[in-house]
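# Notes for the structure review
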Amino acid sequence: MTVHPALTPGKIAVITGGASGIGLAAAKRFATLGLKVCIADANPDALDKASAELGDAGLAVRVDVSDRASVEALADRVEAELGPVAVLMNNAGVGGGGDALSNPDGWLRVLGVNLMGVVNGTQVFGPAMAEGGAPGLIINTGSKQGVTCPPGDTAYNVSKAGVKALTEGLAHTLRNREGCQVSAHLLIPGFTYTGMIAARVPQQPPGAWTPDQVVDRLLDGIGRGEFYIWCEDNETPRALDEKRVLWNANDIVENRPALSRWHPDWKDRFEAFVRG
């Protein structure tokens, strides 16, 4: 595996949502590569536990990513205590938003953390990284639900679709900025056993990946220079995911009903498309 120059000893990484799940798995892996890691999280108990696990390799900071002032305070502290950031992983996320006609408070919470948290992290840390002239990575954690948008938690889908669009635009901006050595990457986990799922399901389902497997895929994708770092899981192979993505795109091209994959009139045609 090719090691990115930003993932080398002595570099600084900041990970939001870093006290558990994919964020903590990434923090531990970056620490083994010799990076100094700042984990930022809103959960003080999880932060204390994660900080103890990271030891001298980590700095733990309580942050509300939906609050820009809180993210700015994080950036000031990292600069003062650690130095310039080489890796930014905007990973903090919550679920339980609601469908299109319900739970306005849930919508505000989910969009505030999942989307505006990524906007805040990108805009607070990104300019200095881009202008610094050093190799860097901005990794934004999206979701397959932000691509295929299954019925259910529409607020979550909207937040992750927004992260996808934001990260695509960020990648274009960085790529066309003279002298910039920072690249953007969209991490797209599948079914992963994180704290969000563990709160409802006490044991890891056979179909789910572990956070460590997602981080393995992340590092492989970065080494290959991928922008869309698509993760499989133990129940959905890549080929099936690709069929789902193509079907969703063709809803627009063919002007089919929205989310036709789940529409009773199109169920059999979708299944035939998958088989074919």
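Since the structure is predicted, the reported quantities are computational estimates derived from the model, not experimental observations.

### Structural notes on the sheet that holds strand β7 (residues 228–230)
Two modes of strand pairing occur in sheets, parallel and antiparallel, and in both the strands are linked by backbone hydrogen bonds. Read across the open sheet, the seven strands follow the order β3-β2-β1-β4-β5-β6-β7; overall the sheet is parallel. Both edges of this open sheet fall to β3 (58–62) and β7, since each of them pairs with a single strand only. Direction aside, the axes of adjacent strands within the sheet are offset by 15 degrees on average. Relative to strand β4 (residues 87–90), strand β1 (residues 12–16) runs parallel, the two sharing three bridges. In the strand pairing of β4, Ala-13 is matched with Val-87. Packed onto the sheet, helix α1 (residues 21–32) meets β1, β2 (36–41), β4 and β6 (182–188) and runs at close to 170 degrees relative to β1. Each of β1, β2 and β3 touches helix α3 (residues 68–81); the most contacted strand, β3, lies at about 155 degrees to it.

### A short note on the pairing of β1
For β1, a buried count of five out of five residues is recorded, marking the element as mostly surrounded by other parts of the structure. Side chains Ile-12, Val-14 and Thr-16 of β1 all project onto a buried face; the interleaved residues Ala-13 and Ile-15 project onto the opposite face, where all are buried too. For β1 and β2, the ladder comprises five bridges, and the chain directions are parallel. Looking at the pairing, Thr-16 lines up with Ala-40 of β2. In this fold, β1 hands off to α1, which returns the chain to β2; that crossover is right-handed.

### Re the nonpolar core
Counting residues in hydrophobic clusters, the biggest one holds 35 residues, and the most contacted among them are Val-14, Leu-74, Phe-125 and Leu-174. Those elements that provide at least two residues to this core are β1, β2, β3, α3, α4 (104–131), α6 (154–175) and β6. Residue contributions to this core peak at eight residues, all from α4. When residues no more than four places from it in sequence are discounted, the contact partners of Leu-174 are Ala-130, Ile-138, Cys-180, Val-182, Ser-183 and Ala-184. Leu-7, Ala-46, Leu-47 and Met-89 belong to the second-largest nonpolar core, a separate cluster that totals 32 residues.

### With respect to the layout of surface pockets
Volume-wise, the second largest pocket comes out at about 300 Å³. Of all elements in the fold, only α3 and α4 reach the threshold of two or more residues within the lining of the second largest pocket. The element contributing the most residues to the lining of the second largest pocket is α4, with four residues. Here the lining of the second largest pocket is composed, by residue class, of twelve nonpolar, three polar and two charged.

Calculation criteria
Residues numbered from 1 in each chain as written. Predicted model: local features only at pLDDT ≥ 70, side-chain atom pairs only at ≥ 80, totals over all residues. Heavy atoms only, no water. Pairing = 2+ DSSP bridges. Helix = DSSP H or I, 4+ residues; strand = E, 2+ residues; numbered from the N terminus. Axes fitted to C-alpha atoms, helices over the stretch in contact; angles between N-to-C directions. Contact = heavy atoms within 4.5 Å. Buried < 20%, exposed > 50% of the residue type's maximum accessible area, 1.4 Å probe, protein only. Right-handed = clockwise from strand over helix to strand, strands pointing away. Core = buried A, V, L, I, M, F, W, Y, C linked by side-chain atoms within 4.5 Å. 1 Å grid on protein atoms, 1.4 Å probe; cavity = no way out; pocket = protein on both sides within 12 Å on 5 of 7 lines; lining within 4 Å. Points joined across faces, edges and corners; volume = space filled by probe spheres on them. Nonpolar A, V, L, I, M, F, W, Y, C, P; charged D, E, K, R; others polar.

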